[in-house]
Amino acid sequence: MACISHSFGVSMKLNQLPFSGQRQFPKKVSQLFFLQPRTLKSVVFCGSHTYHSMKRFQSFTAIFNSVSADHAISERVSVLVIGGGGREHSLCYALKRSQSCDAVFCAPGNAGISNSGDATCIEDLDIFDSSAVIDFCRKWEIGLVVVGPEAPLVSGLTNDLLKAGIHAFGPSAEAAALEGSKNFMKSLCDKYGIPTAKYATFTDPSAAKTYIKDQGAPIVVKADGLAAGKGVIVAMSLQEAFEAVDSILVGGSFGKAGSSIIIEEFLDGEEASFFALVDGENALPLESAQDHKRVGDGDTGPNTGGMGAYCPAPVLTQELQSLVMSSIILPTVKGMSKEGCKFVGVLYAGLMIEKKSGLPKLIEYNVRFGDPECQVLMLRLESDLAQVLLAACKGELNSVTLDWAPGSAMVVVMASNGYPGNYVKGTKIQNLEEAEVAAPCVKIFHAGTAVDADGNYIATGGRVLGVTAKGKDLEEARDRAYRAVEEIKWEGGFYRKDIGWRALPVKQIS
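This is a predicted model, so every value here is computed, not measured.

**Looking at the overall build of the chain**
Phase 1: Broken down by element type, the chain carries 18 helices and 26 strands.
Phase 2: When burial is assessed residue by residue, the chain has 55% of its 510 residues classed as buried.

What follows is the structure in structure tokens.
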């Protein structure tokens, strides 16, 4: 039987869960009774709107009037989030704030998610065992499963949940091929006229090298399958491209993901991330965002899963966003439907805004929320996320509008020394509570943390923390995020000091 890490970090057996069917208090009352002092302190900092929202709960009459309003919501739901990284922590955070959400569970979750109270973590539920996930959902009356990482999607978890009659937000295994196979994505682009970089697919190293020599450098070499965000080499010379081919096809550096490769033209311009919720037929754009893939300041060094992000992204003007929807997102949604594998979930388009034309081209698709872009999006989202995702599952996105907090948000990722290469695990992290109140509107999302025998946070992954902040503009969001970062005591970690540099003048960070 699975054990569950309670929101205060205590392991509890499933039949002792204080949630779901055993919920004794309507959500708003229980939140008021159990809200932690530091949470209250952070909330009051976030501007007059939030302060006045808190004032309305000062009398019991106001409290129970508000509870009555909650019960007017047509459908209440308990949610299970699949995954255990920073993306999943931010999804739990947004779902916990959803008025229609009775309880949030996360499998496997992590120590930070558990200790923050943003979800109840189910540490040993095997997310690749569909039967175990379905049994848990039935026992605890889960009305919505939100699948965070790409691997369970590609393996078919959503397919099995839907067969069991459980609403699941995320594409089927067939539709997840948009991320699981770059060749599939490129072929779809060819068929439906979606603008992307010129490419060719190879399994033979010699043929790949001949093509590279004909095309010249710089050029891009990609593993066809899933490679945890690391299967892309931007080769600035022919020799570097040849070495990438040998590493992937001959050396097997990415395993089965590299059984074939894509050789792609190098696009010169500015990268941006575009997200849209999709219900199979309709697409609803989210706010724009931009991340920083390279490990070092000034976008130097190897690619990573993302060292920081900000929202919105000035490079994606309203005109460009409309063009992305009409020329890339909607043709993809309609094309997938025509191909017999309707897409339901998040389409995350990695774009290049070409310098020579100023027009967007599709670099790649991810089929889930981006990490770390999800952190800044969820910090600014004000809509009831549970209801929005349920609408997508039911094919009802055409009736949904999204509300966003004004201003901007930024996340600075703190990673273990050595990342994205070999890194040391188990280094101690201190002062997180102090960091979260070092500036207004700061939230720290945990990606790779655990708690040692002495109760200290320790790093267990490459990317470990996403220090995230909101502000009236991008400059204020940046200043708040870095103020929080500077409070954290972690000798085993590092971070980029120039997140947002494309949109803001670089500011010296100590």
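**Points about the sheet that holds strand β18 (residues 344–354)**
Phase 1: In spatial order, the strands read β13-β12-β18-β19; together these 4 strands make up an open sheet with antiparallel pairing. The open sheet has two free edges, formed respectively by β13 (283–285) and β19 (360–366), since each of these has just one partner strand. Each neighbouring strand pair of the sheet contributes to a mean axis angle of 35°, computed without reference to strand direction.
Phase 2: The pairing of strand β12 (residues 269–279) with β13 spans 3 bridges and is classified as antiparallel. Bridge pairing in β13 links Val-278 to Ala-283.

**Remarks on the packing of aromatic side chains**
Phase 1: With the rule as written, the count across this model stands at 6 aromatic pairs.
Phase 2: A ring pair is formed by Tyr-482 and Tyr-495, whose centres lie 6.2 Å apart and whose planes are at 45°; its orientation type is tilted. In this pair, Tyr-482 sits in helix α18 (residues 474–487) while Tyr-495 sits in strand β26 (residues 493–495), placing the two residues 13 residues apart along the sequence.
Phase 3: Taking the relative accessible area as the measure of exposure, Tyr-495 reaches 16% and is therefore buried.

**Concerning the environment of Val-333**
Phase 1: Along the chain, Val-333 falls in helix α14 (residues 318–338).
Phase 2: Sequence separation between Val-333 and Gly-280 is 53 residues; the distance between their C-alpha atoms is 6.8 Å.
Phase 3: Ignoring anything within four residues of it in the chain, the contact list for Val-333 reads Val-278, Gly-280, Glu-281, Ala-283 and Leu-347.

**Observations regarding the nonpolar core**
Phase 1: Counting residues in each nonpolar core, the largest one holds 80 residues, and the members touching the most others are Leu-80, Ile-329 and Ile-488.
Phase 2: By residue number, the principal contributor to this core is α14, which donates 7 residues.
Phase 3: Setting aside residues up to four positions removed in sequence, Ile-488 forms contacts with Met-414, Ile-429, Gln-430, Asn-431, Leu-432, Ala-435, Ile-444, Leu-465 and Val-467.
Phase 4: With 47 residues, the next largest nonpolar core counts Tyr-93, Leu-95, Leu-385 and Leu-389 among its residues.

**With respect to the pairing of strand β17 (residues 308–311)**
Look at any regular strand and the pattern is simple: side chains alternate between the two faces of the sheet.
Phase 1: Where burial is concerned, the two faces of β17 agree: the one with Gly-308 and Tyr-310 and the one with Ala-309 and Cys-311 are both buried.
Phase 2: Across 2 bridges, the pairing between strand β14 (residues 290–291) and β17 is antiparallel. Paired with Gln-290 across the bridge in β17 is Tyr-310.
Phase 3: By the bridge criterion, 4 bridges tie β17 to strand β20 (residues 408–416) in an arrangement that is antiparallel.

**A look at unusual backbone geometry**
Phase 1: The residue after Ala-217, namely Pro-218, is reached through a cis peptide bond having omega 0°.
Phase 2: Tracing the backbone through its elements, the reader meets Pro-218 in the loop between α12 (205–215) and β9 (219–223).
Phase 3: The omega angle of the peptide bond from Cys-311 to Pro-312 is 0°, so this bond is cis rather than trans.
Phase 4: Residue placement: Pro-312 occurs in the loop between β17 and α14.

**A look at the side chain of His-446**
Phase 1: Examined against the element boundaries, His-446 turns out to sit in strand β22 (residues 442–446).
Phase 2: With relative accessibility at 6%, the residue His-446 sits in the buried group.

**Here we look at the sheet that holds strand β11 (residues 261–265)**
Phase 1: Read across the sheet, 4 strands follow the order β8-β11-β9-β10 without closing on themselves; strand pairing throughout is antiparallel. Of all strands in the sheet, those with a lone pairing partner are β8 (199–202) and β10 (232–235), marking the two edges. Strand-to-strand, the axes of this sheet are offset by a mean angle of 20°, without reference to chain direction.
Phase 2: Looking at chain direction, β9 and β11 are connected through 5 bridges and run antiparallel. Looking at β11, one finds that Lys-222 is bridged to Ile-262.
Phase 3: Across the sheet, helix α11 (residues 182–192) touches β8, β9 and β11, and the angle it forms with β8 is around 140°.
Phase 4: Sheet contacts for α12: β8, β9 and β11; angle to β8, the most-contacted strand, approximately 160°.

Analysis parameters
Residues numbered from 1 in each chain as written. Predicted model: local features only at pLDDT ≥ 70, side-chain atom pairs only at ≥ 80, totals over all residues. Heavy atoms only, no water. Helix = DSSP H or I, 4+ residues; strand = E, 2+ residues; numbered from the N terminus. Buried < 20%, exposed > 50% of the residue type's maximum accessible area, 1.4 Å probe, protein only. Pairing = 2+ DSSP bridges. Axes fitted to C-alpha atoms, helices over the stretch in contact; angles between N-to-C directions. Phe/Tyr/Trp six-rings, centres within 6.5 Å; stacked < 30°, edge-to-face > 60°. Contact = heavy atoms within 4.5 Å. Core = buried A, V, L, I, M, F, W, Y, C linked by side-chain atoms within 4.5 Å.

No statement about biological role is implied by the geometric values presented.
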